[in-house]
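Listed below, chain by chain, are the residues.
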Amino acid sequence: IYWVLLMYWPEIQEMQRSQPPLTRRYLLEWMEQQEGKQLMDSEKAFQELCDDIDLDMGRPGHPFKIIEI
């Protein structure tokens, strides 16, 4: 999984800057789609791996609203 993350790092950086922010779950699903196979046994294991390497993505939940003044 580390090699897959490294291989897609430019795309991951774009995802980190996207608005609304994309989640780790989205990232895992996207990478599995790109690779055409399941990469992790569970989403929880992927979340823990991301915590270990400090890979920050958007927080899960509803996207925030931009209020124009």
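Residues numbered from 1 in each chain as written. Predicted model: local features only at pLDDT ≥ 70, side-chain atom pairs only at ≥ 80, totals over all residues. Heavy atoms only, no water.

1. Some points on the overall build of the protein chain
Put simply, the rule is: The numbering of helices and of strands both runs from the N terminus, where a helix is a DSSP run of H or I of at least 4 residues and a strand a run of E of at least 2. Contacts are assigned to residue pairs that have any heavy atoms within 4.5 Å of one another. Note on areas: Shrake-Rupley with a 1.4 Å probe; residue coverage comes only from the protein chains shown.
From N to C terminus, the protein chain includes four helices and zero strands. In the protein chain, the succession of α and β elements from N to C terminus is α-α-α-α. A sequence separation of at least 24 residues applies to 63% of the contacts in the protein chain between residues at least 6 apart. If you sum the accessible surface of the protein chain, you get close to 5,600 Å²; carbon and sulfur atoms cover 51% of it.

2. A closer look at the confidence of the model for the protein chain
Stated formally: Per residue, pLDDT captures the predictor's confidence, and it can take any value from 0 to 100.
On average, residues of the protein chain score 87 in pLDDT, and 84% of them reach the 70 mark or higher. The lowest-confidence element of the protein chain is helix α2 (residues 9-17), averaging 93 in pLDDT; the highest-confidence one is helix α1 (residues 2-7), averaging 96.

3. Observations regarding helix α3 (residues 24-35)
The periodicity of an α-helix, 3.6 residues per turn, causes residues three or four positions apart to be oriented the same way. Formally: Each residue after the first adds 1.5 Å to the expected span of a helix. Here's how the labels work: a residue is buried when its accessible area is under 20% of the maximum for its type, exposed when over 50%, partly exposed in between, all with a 1.4 Å probe on protein chains only.
If you check α3, its first and last C-alpha atoms are 16 Å apart, about what twelve residues at 1.5 Å a residue would give, namely 16 Å. Restricting attention to buried positions, one finds in α3 the residues R24, L27, L28, W30, M31 and E32. Where α3 is buried, its residues touch α1, α2 and α4 (43-52). A positive phi of about 75° marks G36, the residue just after α3.

4. Digging into the nonpolar core
Let me state the cut-off plainly: To qualify as a nonpolar core, a set must consist of buried Ala, Val, Leu, Ile, Met, Phe, Trp, Tyr and Cys residues joined through side-chain atoms within 4.5 Å.
In this structure, L5, I12, L27, M31 and F46 are the most contacted members of the largest nonpolar core, which totals 16 residues. Listing elements by their share of this core, those giving two or more residues are α1, α2, α3 and α4. If one sorts the elements of this core by residue count, α3 sits on top with four residues.

5. What about the pattern of salt bridges?
As a reminder of what qualifies: The salt bridge definition used is simple: a Lys or Arg side-chain nitrogen within 4 Å of an Asp or Glu carboxyl oxygen.
One pass over the structure, following the stated rule, counts three salt bridges. Measuring nitrogen to oxygen at the nearest pair gives 2.8 Å for the salt bridge that ties D51 to R24. In this pair, D51 sits in helix α4 while R24 sits in helix α3, placing the two residues 27 residues apart along the sequence. Among the residues examined, R24 registers a relative accessible area of 13% and is labelled buried. Between E29 and R25 there is a salt bridge, and its shortest N-O distance comes to 3.2 Å. Here E29 pairs with R25, and both are found in helix α3, just four residues apart, close to one helical turn. Residue E29 is classed as partly exposed on the basis of its relative accessible area, which comes to 44%. Among the ionic contacts, a cluster of salt bridges with common partners joins R25, E29 and E43.

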